[in-house]
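Secondary and tertiary structure notes
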2 protein chains.
Amino acid sequence: MALIVQKYGGTSVANPERIRNLARRVARFKAMGHQIVVVVSAMSGETNRLIALAKEIMPEPDPRELDVMVSTGEQVTIGMTALALMELGIKAKSYTGAQVKILTDDAFTKARILNIDEHNLKADLDAGYVCVVAGFQGMDANGNITTLGRGGSDTTGVALAAALNADECQIYTDVDGVYTTDPRVVPEARRLDKITFEEMLELASQGSKVLQIRSVEFAGKYKVKLRVLSSFEDEGDGTLITFEDEGNNMEDPIISGIAFNRDEAKITVLGVPDTPGIAYQILGPIAEANVDVDMIIQNTGADGTTDFTFTVHKNEMNKALSILRDKVQSNIKAREIVGDDKVVKVAIVGVGMKSHVGVASQMFRTLAEEGINIQMISTSEIKIAVVIDEKYMELAVRVLHKAFELEAA
Amino acid sequence: MALIVQKYGGTSVANPERIRNLARRVARFKAMGHQIVVVVSAMSGETNRLIALAKEIMPEPDPRELDVMVSTGEQVTIGMTALALMELGIKAKSYTGAQVKILTDDAFTKARILNIDEHNLKADLDAGYVCVVAGFQGMDANGNITTLGRGGSDTTGVALAAALNADECQIYTDVDGVYTTDPRVVPEARRLDKITFEEMLELASQGSKVLQIRSVEFAGKYKVKLRVLSSFEDEGDGTLITFEDEGNNMEDPIISGIAFNRDEAKITVLGVPDTPGIAYQILGPIAEANVDVDMIIQNTGADGTTDFTFTVHKNEMNKALSILRDKVQSNIKAREIVGDDKVVKVAIVGVGMKSHVGVASQMFRTLAEEGINIQMISTSEIKIAVVIDEKYMELAVRVLHKAFELEAA
């Protein structure tokens, strides 16, 4: 008998029929003797509907009240899911975030979990109930309703698994696991049976949409065994995210997958003095304006000046450019500030590259052979990311997938 | 400066535009220096949508889970209402029933309020906030979400007014007050400036849909000054429900209004022994089956047997008939059991009739002059109700309205 947390996203609870499917899967696990906690998102489209309703009243809605409204999405789903389980003769009970007590800070719309009181859930599990918990929400110390921000239901699942010391946290989604890359770009892309936590983290942060990065971080921190599965197929073991780097075996593939991100734009500050503090002078005002920065590159300058390049979300490029031109350019005596949103980031990820030399050079040669110019390079121990012209994206992913023999089983 | 509780029903919050209207009205009261608590229902149609969603999963939904789902309707409205107030520059804060703490029993879908913790609301009111509270909901001692049943938002408003010792509880609805009768039946029907609590209670229980009877009972018990107003008109003082019987003045009208109810059916048990305990033998099984009974009539019998008649909701007539025929008829040796759902109840109500003789005879004469046969009669100190053939309903209401000179100002 195991304790399993199963998290179902918006498409898995999109309508009553899918919720009945979900209930039938839970029933099968229950019949095997497992204790089950189900975490559900809002029905797909519901969160956006509620946000639109709020914005119709107040274009920039007060975050506390927005959370009051948006959290109802999951509250409806927990009721429906509990009913679907009861309809199959299974004892079930729903919990809002506040009812569990999922205690968060008071950063409305992007709250972080501080503590989970597992006592009520444990008692109900021991009494034979399936506990159905609303994802994405909690309450702060003053009893205000909070939400964890987009994708927060994954985090709820992982956090509950950690608090309950669950044997496994299963994330059900509309894909059947983690792939070497997006199968829509490379039809030969292969599902991975397992992947390390670090690789998953890099893949997630590099734009793979399977799991939210916060939930992966959380799983790593609390050593929660995560598994990604399809909610639309009853067969298959999905992809297990493991903690041990088992990649010492020479037969393991060098890289595990290729991620890409079409949402980034590149901003270059040309001809800035190559002096201490310049990076802070450039990025400080950007951070103050709550613009997230991803890659950051600065080369050593030759003539006492240097070029400073970083990437932001495409939607925020113009905001970032205005800030730099209005508040920064004259202070730091930059020659020019240019933006380019016709770029993509492509990254290869794998713990195998730790023990294999020449991975970077193989990547660069592969791209060079296709005449693809590399605009930025950023590396970590298990990842090499490049920024290239967006028109080459599909080509780059395909040739890299082939070069690193990812299609082979 | 007064403390006013304002309750807005589903049609008053049906869409963002109406919620903005509501906020503008609250703003005017706030500008006069009053402290305001706003109680809102779900947007009209929303409660039915949620119930339908639950029934799609489980035809007879578990009541605890149904309440979890249905309570989201008001939760969305409190968020929208608070946002609409903020958009006008007014400090506002929303409260779910659980956040207030509106403590109820655990009778899901028809819970009763046990206690209200007014401390948080008081503190926020004193800090200048408009408090926006979800009607119709609370929580039980174990933290489960409960709902008060249909129309419960009125009860929430009155209960909050009582707990906060408010100066007035204003019920905003789609009519501008309490009328002498339904203006759709009698165009000359007149709005009453005031009406006593007892009269309102009789009118409400006799089928006038303006206020829920439970909220009127509650207002009477806790001496809450109630006022019914239109949410669609900015002028007018509506109808005040007073506690004192100020009807000693001879110029006051004898009766205040005429109520009617098309939803009742009549059941007659013919030829039962005129012995002690017969009423219990008939109505006991009916009550056990949770069928509500309204009027009950039993005449003295002449030949040792009597006829026993009572009314139930039309929807429950067949259920009641089955119970009587299956479980009761042979026990009590009744000759026959007949049902009739082609009846209506019409009642005249007024504290004035206490001090005026002949009201009943005037009512009966008026009906007789139109050839309307009276099937049942039931009276209280301030009410005379009759059951008649449904085809005469409009005629009966019109002639009684005229006979008692209700159209005169």
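Residues numbered from 1 in each chain as written. Chains lettered and ligands numbered in written order. Predicted model: local features only at pLDDT ≥ 70, side-chain atom pairs only at ≥ 80, totals over all residues.

Turning our eyes to something else, we now look at the overall build of chain A. A tally of helices and strands in chain A yields 13 helices and 20 strands. Taken over the C-alpha trace, chain A has a radius of gyration of 23 Å; the compact-globule value for 409 residues is 22 Å, and the two agree within 12%. Its C-alpha atoms put chain A at 75 × 55 × 30 Å along the principal axes. At a minimum sequence separation of 6, the contacts of chain A that also span at least 24 residues come to 75%. (Helix = DSSP H or I, 4+ residues; strand = E, 2+ residues; numbered from the N terminus. Rg over C-alpha atoms; globule rule 2.2 N^0.38 Å. Contact = placed C-beta atoms within 7 Å.)

As a further point, take the interface of chain B and chain A. With 28 residues of chain B at the contact, the number on the chain A side is 28 residues. At the level of secondary structure, the elements contributing two or more residues to the side of chain B that touches chain A comprise helix 1 (16-31), helix 2 (46-57), helix 3 (63-70) and helix 4 (72-87) of chain B. With 11 residues, helix 4 of chain B is the single largest residue contributor to the side of chain B that touches chain A. In terms of residue class, the side of chain B that touches chain A is made up of 18 nonpolar, six polar and four charged. (Nonpolar A, V, L, I, M, F, W, Y, C, P; charged D, E, K, R; others polar.)

Quick look at the pairing of strand 12 (residues 239-242) of chain A now. All names here are of chain A. Residues Thr239 and Ile241 of strand 12 are buried on one face, while the alternating residues Leu240 and Thr242, pointing to the opposite face, are not. Sheet analysis places strand 10 (residues 194-196) next to strand 12, joined by three bridges and oriented parallel. Note that in strand 12 the partner of Thr196 across the bridge is Thr242. Bridge count between strand 11 (residues 226-230) and strand 12: three bridges; the pairing is antiparallel. Residue pairing in the sheet places Val228 in a bridge with Thr239 of strand 12. (Buried ≥ 20, exposed ≤ 12 C-beta atoms within 10 Å, placed from the backbone. Pairing = 2+ DSSP bridges.)

Turning our eyes to something else, we now look at the relation of the copies chain B and chain A. Take chain B, turn it by 180°, move it 0.1 Å along the axis, and it overlays chain A with an RMSD of 0.1 Å. Given the turn and translation reported, the copies of this chain are related as if by a two-fold rotation axis. The rotation axis passes nearest to the C-alpha of Thr72(B) in chain B, at a distance of 2.7 Å. When the interface residues of chain B are mapped onto chain A, 100% of them again fall at the interface, so both copies present the same face. (Least-squares fit on C-alpha atoms with pLDDT ≥ 70 in both.)

Attention now moves to the sheet that holds strand 19 (residues 374-380) of chain B. All names here are of chain B. Spatially, 13-18-20-19 is the arrangement adopted by the four strands of the open sheet, whose pairing is antiparallel. What marks the edges here is a single partner per strand, and that holds for strand 13 (257-261) and strand 19. Neighbour-to-neighbour, the strand axes of the sheet open up by a mean angle of 20°, direction not taken into account. Taken together, the seven bridges between strand 18 (residues 343-349) and strand 20 (residues 383-389) define a ladder with antiparallel strand orientation. Along strand 20, the bridge assignment pairs Ala347 with Ala385. (Axes fitted to C-alpha atoms, helices over the stretch in contact; angles between N-to-C directions.)

Following both chains from N to C, one finds helix 4 (residues 72-87) of chain A and helix 4 of chain B inclined at 180°, their axes separated by 10 Å at the closest point. Between helix 4 of chain A and helix 4 of chain B, the interaxial angle falls into the category roughly antiparallel. On helix 4 of chain B, the residues touching Thr72(A), Gln75(A) and Val76(A) of helix 4 of chain A are Thr72(B), Gln75(B) and Val76(B). (Parallel < 35°, antiparallel > 145°, perpendicular 65-115°, else oblique.)

All names here are of chain B. For helix 11 (residues 317-332), with 16 residues, the first-to-last C-alpha span of 20 Å runs short of the 22 Å given by 1.5 Å per residue. Its maximal kink placed at Arg325, helix 11 deviates by approximately 45°. At the C-terminal side of helix 11, Lys333 shows a positive phi close to 55°. (Expected span 1.5 Å × (residues − 1). Bend = angle between axes of the 7 residues up to and from the residue.)

Attention now goes to unusual backbone geometry. All names here are of chain B. Positive phi, normally seen in glycine, also occurs at Thr109, with a value near 75°. Within the element layout of this structure, Thr109 appears in the loop between strand 4 (102-104) and strand 5 (113-116). Among the residues examined, Thr109 registers 18 C-beta atoms within 10 Å and is labelled partly exposed. A positive phi angle, close to 75°, is found at Phe136, a residue other than glycine. Mapped onto the elements, Phe136 comes out in the loop between strand 6 (130-134) and strand 7 (137-139). You can call Phe136 buried: it has 28 C-beta atoms within 10 Å.

Time to look at the sheet that holds strand 1 (residues 3-8) of chain B. Residues and elements named next belong to chain B. Reading across the sheet, the eight strands line up as 3-6-2-1-9-11-12-10 and stay open at both edges, with mixed pairing between neighbours. Strands with a single pairing partner mark the edges of an open sheet, and in this sheet they are strand 3 (92-95) and strand 10 (194-196). Taken over all neighbouring pairs, the strand axes of this sheet differ in orientation by 20° on average, direction set aside. Relative to strand 9 (residues 168-173), strand 1 runs parallel, the two being bridged by five bridges. In the strand pairing of strand 9, Gln6 is matched with Gln170.

The end-to-end C-alpha distance of helix 1 of chain B is 22 Å, a good match for the 22 Å that 16 residues give at a rise of 1.5 Å each. Residues of helix 1 of chain B that are buried: Ile19(B), Leu22(B), Ala23(B), Val26(B) and Lys30(B). Along the axis of helix 1 of chain B, the buried positions cluster into a sector of 100°, meaning they face one direction only. Away from the buried face of helix 1 of chain B by more than 90 degrees, exposed residues Glu17(B), Arg28(B) and Ala31(B) are located. The secondary structure elements touched by the buried residues of helix 1 of chain B are helix 2 (46-57) of chain A together with strand 1, strand 2 (35-40), helix 4 and strand 6 of chain B. In the segment just after helix 1 of chain B, Gly33(B) is the residue with positive phi, at about 100°. (Arc of directions from axis to C-beta.)

Note that Glu87(A) resides in helix 4. Between the C-alpha atoms of Glu87(A) and Arg20(A), which are 67 residues apart in sequence, the distance is 9.0 Å. Beyond its immediate sequence surroundings of up to four residues, Glu87(A) is in contact with Ile57(B) and Met58(B).

Moving on to the packing of helix 10 (residues 278-288) of chain B against helix 11 of chain B. Residue and element names in this part refer to chain B. Look at helix 10 against helix 11: their axes get within 9 Å of each other, and the N-to-C directions meet at 145°. At the point where helix 10 passes helix 11, the crossing takes the right-handed sense. In this structure, helix 10 contributes Ile278, Gln281, Ile282, Pro285 and Ile286 to the contact, and helix 11 contributes Ala320, Ile323, Lys327, Val328, Asn331 and Ile332. In the contact of helix 10 with helix 11, the residues fall into eight nonpolar, two polar and one charged. (Left-handed = near helix turned anticlockwise from the far one by under 90°.)

With that settled, consider the environment of Thr146(A). Tracing the chain through its elements places Thr146(A) in strand 8 (residues 145-147). Setting aside residues up to four positions removed in sequence, Thr146(A) forms contacts with Asp67(A), Thr104(A), Asp106(A), Phe108(A), Ala111(A), Gln137(A), Gly138(A), Met139(A) and Asp140(A).

Residues and elements named next belong to chain A. With respect to the helices and strands, the residue Leu367 is situated in helix 12 (residues 359-369). Measuring from C-alpha to C-alpha, the distance between Leu367 and Val397 comes to 9.5 Å, with 30 residues separating the pair along the chain. Beyond its immediate stretch of four places on either side in the chain, Leu367 contacts Ile372, Ile374 and Ala396.

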